[in-house]
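In case you want the letters, here they are:
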Amino acid sequence: MTGYILSRVLRAALTMLVTVTLVFLFIRLSGDPAAALVPPDAPQEVIDQYARAMGLDQPLWQQYLGYVGGLLQGNFGFSIHTGIAVEETFLGRLPFTLHLGITALALAIFIGIPIGALAAIRRGTALDRFVMGFSVFAFAMPNFLFGLVMILVAALAFSAFLGGENANVIWPALTLGLAAMGSFARFTRSSVLETINAPYMRAAEARGVPFGMRLLRHAAPNAAIPLVTLIGLSLGALVAGSVVTEQVFAWPGVGQLLVRSVATRDLAQVQFLVLVVAFTMVMANLIVDMLYLVIDPRIRAK
Amino acid sequence: MSEPHRGESAPRAPLLSIEDLTVALPGDGDRPEAVSGISFAIAPGETLCLVGESGSGKSVVGQAVLGMLPHALPVTGGCIRFAGAEMPPQRDRAFGTIRSAQIAMIFQDAGASLNPVRTIGGQLAEILAVHGIPKPDRRPRVLEVLRDVALPEPERIARSYPHQLSGGQAQRAVIAAALLLKPDLLIADEPTTALDVTTQAEILALIARLKVEHELAVLFVTHDFGVVAEIADRVAVMQEGVLVEAGMAEDVLQAPQHPYTRKLIAAVNPTPRTLGQHGDTPILDATDVNLIYRSGFLGNRKALHAVKDVSLEIAAGRTVAVVGESGSGKSSLARCLLRLEEIDSGSIRFKGQEISTLTGAPLRQLRQSIQVVLQDPFSALNPRQTILSAIAEGPIIHGMAPADARQKAAELIELVGLSAQSGGRYPQEFSGGQRQRICIARALALEPEVLIADEAVSALDVSIQAQILDLFADLQRRFGFAILFITHDLAVARAIADDILVMKSAEIVEHGPADRVFAAPAHPYTQALLAAAPGLDLFRRGSAA
């Protein structure tokens, strides 16, 4: 078990290091950052001056070491436009994104999983077909389109505006969580179907365990195992989706900040946000791996 | 058909009686009824074996008694009475108080019938909780039954998860669960089929002991007359939903009336084969082969010695059976000989030429000469490939013109006993036995000189097993290839082998001609295996006759 934990933590650390390196390299490959900062007609001396000021004249490996060293000390850089530390801007936006993301995830979990389980239990009925139809719709619908249609309908029919930072979080969250909801429903259905037909379910029935108890105490813990993986992985889709959703709903979160930073070539800000997203994903996977230890005794034994 | 009630000389009133039970089989089943008008009774403390092959309806009867038939299988006639009272309709809530408390049931795969994420103790205590036993009484009772089924360290077993138990321990735990509420009847549905022979013998002995100690009546569902000979008081034989023979165990075993019963009994005690041709020079031989599996990462590296100093030789036209229990290394040995594993040391020679170091083109060429037939004919065939194309694929890869390869495949399809027109069909349109014929045809398409059969009949019903074994022997006579037949089943080894190798814990412990090994086993393990084989008496009778 210690070996398991150790290897997962090491793997996570390694993934982060690779990500940091790739982000560093790609941003430098995407063109001379100093040239991007100055007006197009600026003379070469001005560009060189900027480059010197930002340390871009040093050899690549020195820049890399300085960059990684800075990261380790919590020195993430400053926005080129505002001069504010990038993490500060980020932290200011974070509550909005957390509010949106957690609501979206909660909607996906608390609607997707129960309807998927219900579809499995009522397999082959109209309810099952409806849930499956809905999940295909939810999964296939691009969230910018769904969000725009929702805003349009609300505006035309109810004269209500669903966007902006004072709007109810439920609307952007529904848009953001829709795809995850569909995939959770579908996945729960197949996972529950697999477990309710497992031999131990029949054995529990033969031992006189009532239906509800079989479902809750025997099927649910087993069906949950693959779902934990799915939920962990879908965090990535949520982060990606939040970029679009926040834009559509004018929601002042991290996604919107990222779009704005890319548009204005605010390199330090973009760099930091990409790392944060990567870090979120790595941590989510690490947490999923650790959760396995709790919910699956077969892994604990290894 | 003989009189079903023939053996009913039981002095006491029956505990369970089934009268004219009929269960419909709607939809596109191969017959209109899963079970057609069967009747039998079990007296208190009596063991009745319900015998039949897959699809005979024997498990349907077991499920019907516990009210567990799915909606797809409605009871259309007859009645089931338990302790004098008629049973509620299928799936009725009233069964909640009958299941476990009065009638308990155990299944074939004990490991799978335990919830993998909950402890044994928790699952057993749950049964007591469901039936209203107060909390303080649960744990002592759980430990008591675990001790009763002779599990070592009951406290530790109670804390364990199913994957931490061996197959035999899991089956004991499941039997313990069945005993918790002191039922009067135990329904055991093929409870030992998935177990090794020595474990099977222990479990059968356990059930026999519990039956006496707890005055338990047992409805034992099985396909194996060897098991019947070990534990049955009475026997009922089912074929395609109909009870074809019933009676006292000795009577049925000694003087079976129905041809189907005779066929099933014959499968336990096959006629030893007439020896294959005597080839003197080995076509495939191995010396001191070692295989070690290494796994793990960082702190938990593991090494498993799967094959240890194994030497063997097979001559053309001969059949060598490798016999061993699960985990003995026999399949790993097959993988070494097939060059699917890189051996750690030793040598393997084909026609005298070293093959354990071959790579690239020479290795690919060698693969033609050594072919394999695997255990599970369902997963061994690609469901999206017609059988003709599956059989022709090998020769085409090895350079035969596609038209010729298809011609040859068509001939092979007929040769293994399928109709010539079936080439364009897909594997799922065939039965298990037919699929194994297809797999054999596929192996033979490359005209191998050695055929390795890894548990090739273990997934098949006994009567189909006999047909496939005949097919192997017949094709061998015709083409003269050598067969290495890997099996856990002594009856199968006896039916097919000229020579026997017995494997235990990665090593060969005994090696010799089949008749000598069966008549006078030298190694204690071989002796134990033979002694554990169910229906040994049947065996003896057969050899004497």
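Residues numbered from 1 in each chain as written. Chains lettered and ligands numbered in written order. Predicted model: local features only at pLDDT ≥ 70, side-chain atom pairs only at ≥ 80, totals over all residues. Heavy atoms only, no water.

Right, let's talk about the overall build of chain A for a bit. From N to C terminus, chain A includes 13 helices and zero strands. Mapped in sequence order, the helices and strands of chain A form the string α-α-α-α-α-α-α-α-α-α-α-α-α. C-alpha extents for chain A along the principal axes are approximately 85 × 60 × 25 Å. Entry remark: accessible area of chain A is about 15500 Å², with carbon and sulfur atoms responsible for 71%. Of note, chain A has its 19 positive side-chain charges centred 22 Å away from the centre of its 15 negative side-chain charges. (Helix = DSSP H or I, 4+ residues; strand = E, 2+ residues; numbered from the N terminus. Areas by Shrake-Rupley, 256 points an atom, 1.4 Å probe, with all protein chains shown as cover. Lys, Arg positive; Asp, Glu negative; His and termini not counted. Charge placed at Lys NZ, Arg CZ, Asp CG, Glu CD.)

This part takes up helix H14 (residues 402-415) of chain B. Residue and element names in this part refer to chain B. For H14, built from 14 residues, the straight-helix expectation of 20 Å at 1.5 Å per residue is met to within 8% by its first-to-last C-alpha distance of 20 Å. Within H14, burial applies to Ala 405, Lys 408, Ala 409, Leu 412 and Ile 413. When H14 is viewed along its axis, its buried side chains cluster within an angular range of 145° and face the same direction. Facing away from the buried surface of H14 by more than 90 degrees, the exposed residues are Ala 403 and Glu 414. Residues of H14 that are buried sit in contact with helix H13 (387-397) and helix H15 (432-444). In the segment just after H14, Gly 417 is the residue with positive phi, at about 95°. (Expected span 1.5 Å × (residues − 1). Buried < 20%, exposed > 50% of the residue type's maximum accessible area, 1.4 Å probe, protein only. Arc of directions from axis to C-beta. Contact = heavy atoms within 4.5 Å.)

Counting residues at the interface gives 26 residues for chain B, matched by 23 residues for chain A. Of the roughly 2400 Å² buried between chain B and chain A, counting both surfaces, carbon and sulfur atoms make up 61%. For the chain B face of the interface with chain A, the top three residues by lost area are Met 68, Val 117 and Glu 126 of chain B, together amounting to 21%. For the interface between chain B and chain A, the tally reads one salt bridge. The shortest N-O distance in the salt bridge between Glu 205 of chain A and Arg 99 of chain B comes to 4.0 Å. On inspection of chain B and its partner chain A, the count reaches nine residue pairs in polar contact (both at pLDDT 80 or more). The dominant element in the side of chain B that touches chain A, judged by the number of residues it contributes, is helix H3 (residues 120-130) of chain B, at four residues. Counted by class, the side of chain B that touches chain A contains 15 nonpolar, eight polar and three charged residues. (Buried area = accessible area lost by both parts, 1.4 Å probe. Salt bridge = Lys/Arg side-chain N within 4 Å of Asp/Glu carboxyl O. Polar contact = N/O pair within 3.5 Å; in protein donor to acceptor, adjacent residues only side chain to side chain. Nonpolar A, V, L, I, M, F, W, Y, C, P; charged D, E, K, R; others polar.)

A word on a negative patch on the surface. Taken together, the side chains of Asp 32, Glu 45, Asp 48 and Asp 57 of chain A define an acidic patch exposed on the protein surface. Examined against the element boundaries, Asp 48 of chain A turns out to sit in helix H3 (residues 44-53). (Patch = residues over 30% accessible without salt bridge, like charges linked within 9 Å, V, L, I, M, F, W, Y side chains within 5 Å.)

Attention now moves to the side chain of His 131 of chain B. Along the chain, His 131 of chain B falls in the loop between H3 and helix H4 (135-148). Side-chain polar atoms of His 131 of chain B contact the backbone oxygen of Arg 99 of chain B, separated by 3.0 Å.

Bringing the environment of Ala 533 of chain B into the picture now. Residues and elements named next belong to chain B. Among the structural elements, Ala 533 can be located in the loop between helix H19 (524-532) and helix H20 (536-544). The exposure class assigned to Ala 533 is buried, which follows from its relative accessible area of 5%. Placed 332 residues apart in sequence, Ala 533 and Ala 201 show a C-alpha to C-alpha distance of 7.2 Å. Ignoring anything within four residues of it in the chain, the contact list for Ala 533 reads Val 197, Glu 230 and Leu 490.

Residue and element names in this part refer to chain B. Across the 10 residues that make up strand S2 (residues 33-42), a large majority, seven, are buried. Where strand S1 (residues 16-24) meets S2, six bridges bridge the pair, whose relative direction is antiparallel. Pairing of Leu 21 across the sheet is with Ile 38, part of S2. (Pairing = 2+ DSSP bridges.)

So, about the nonpolar core. Residues Leu 124, Ile 175, Phe 220, Phe 225 and Val 235 of chain B are the most contacted members of the largest nonpolar core, which totals 56 residues. Counting residues per element, this core draws most heavily on helix H6 (residues 167-179) of chain B, at eight residues. Counting residues in each nonpolar core, the second largest holds 39 residues, with Ala 206 of chain A together with Leu 21, Ile 98 and Ile 103 of chain B among its members. (Core = buried A, V, L, I, M, F, W, Y, C linked by side-chain atoms within 4.5 Å.)

Let's shift gears to the pairing of strand S10 (residues 242-248) of chain B. Residues and elements named next belong to chain B. Counting buried positions along S10 gives five out of seven residues, so the element sits mostly inside the fold. Bridge count for strand S9 (residues 234-239) against S10 is six bridges, and the pairing is antiparallel. Note on S10: the bridge partner recorded for Ala 236 is Ala 246. Between S9 and the antiparallel strand that follows it, S10, lie two residues; Glu 240 among them carries a positive phi value of about 45°.

This part covers the side chain of Gln 256 of chain A. Residue and element names in this part refer to chain A. Note that Gln 256 resides in helix H11 (residues 254-263). Gln 256 gets classed as buried once you look at its relative accessible area, which sits at 9%. One polar contact links Gln 256 to Arg 93, side chain to side chain, over a distance of 3.1 Å. The contact partners of Gln 256, leaving out residues within four places of it in the chain, are Arg 93, Glu 246, Gln 247, Ala 250 and Trp 251.

On to the pattern of salt bridges. Residues and elements named next belong to chain B. Scanning the model with the defined rule gives 24 salt bridges over all chains in all. Lys 408 serves as the salt-bridge partner of Glu 447, at 2.6 Å between the closest nitrogen and oxygen. Of this pair, Glu 447 sits in the loop between H15 and strand S17 (450-454) while Lys 408 sits in helix H14, and the two are 39 residues apart along the sequence. For Glu 447, a relative accessible area of 57% gives the class exposed. Residue classification places Lys 408 among the buried positions, given a relative accessible area of 15%.

So, on to the packing of aromatic side chains. Residues and elements named next belong to chain A. Taken as a whole and assessed by the stated rule, the structure comprises six aromatic pairs over all chains. Seen in terms of ring centroids, Phe 24 and Tyr 67 are 5.4 Å apart; in terms of plane orientation they differ by 25°. Their pairing is stacked. One end of the pair, Phe 24, is in helix H1 (residues 2-29); the other, Tyr 67, is in helix H4 (residues 60-72), with 43 residues separating them in the sequence. The two residues Phe 24 and Tyr 67 agree in class, both being buried. With a centroid separation of 6.1 Å and 85° between ring planes, the pair formed by Phe 96 and Trp 251 is classed as edge-to-face. Of this pair, Phe 96 sits in helix H5 (residues 86-121) while Trp 251 sits in the loop between helix H10 (211-248) and H11; the two residues are 155 residues apart in sequence, bridging distant segments of the chain. A relative accessible area of 2% means that Trp 251 is categorised as buried. (Phe/Tyr/Trp six-rings, centres within 6.5 Å; stacked < 30°, edge-to-face > 60°.)

We now examine the sheet that holds S1 of chain B. Residue and element names in this part refer to chain B. Pairing in this open sheet of four strands is antiparallel, and the strands run S2-S1-S4-S5 from one edge to the other. Both outer strands of the open sheet, S2 and strand S5 (85-86), are each paired with one neighbouring strand and no more. In terms of strand pairing, strand S4 (residues 75-82) meets S5 through two bridges, oriented antiparallel. Note on S5: the bridge partner recorded for Arg 81 is Glu 86.

Turning our attention to the packing of H3 of chain B against H6 of chain B. Residues and elements named next belong to chain B. With their axes 9 Å apart at the nearest point, H3 and H6 run at an angle of 20° to one another. On the basis of the axis angle, H3 is roughly parallel to H6. When you trace H3 past H6, the crossing you get is right-handed. Residue-level contacts link Ile 120, Leu 124 and Ile 127 of H3 to Ala 173, Ala 176 and Ala 177 of H6. Across the contact of H3 with H6, the residue classes tally to six nonpolar, no polar and no charged. (Axes fitted to C-alpha atoms, helices over the stretch in contact; angles between N-to-C directions. Parallel < 35°, antiparallel > 145°, perpendicular 65-115°, else oblique. Left-handed = near helix turned anticlockwise from the far one by under 90°.)

Once that is clear, we can look at the environment of Leu 100 of chain A. Locating Leu 100 of chain A in the fold gives a position in helix H5. Excluding anything up to four places from it in sequence, Leu 100 of chain A contacts Val 169, Pro 172, Ala 173, Leu 176, Glu 246 and Trp 251 of chain A.

To continue, consider the confidence of the model for chain B. Caution is warranted with low-pLDDT regions, since their predicted coordinates should not be read in detail. All names here are of chain B. Residues at a pLDDT of 70 or more form 93% of chain B, whose mean pLDDT is 89. The secondary-structure element of chain B with the lowest mean pLDDT is H20, recorded at 50, while strand S3 (residues 47-51) shows the highest, at 96. Under a pLDDT of 50 for its full length, residues 1-10 has, in the predicted model, 21 contacts with residues more than four places off or in other chains. Considering only residues more than four positions removed or in separate chains, one finds that residues 541-545, a stretch of pLDDT under 50, has four contacts. ipTM for the predicted complex: 0.78, alongside a pTM of 0.81. (pLDDT = per-residue confidence, 0-100.)

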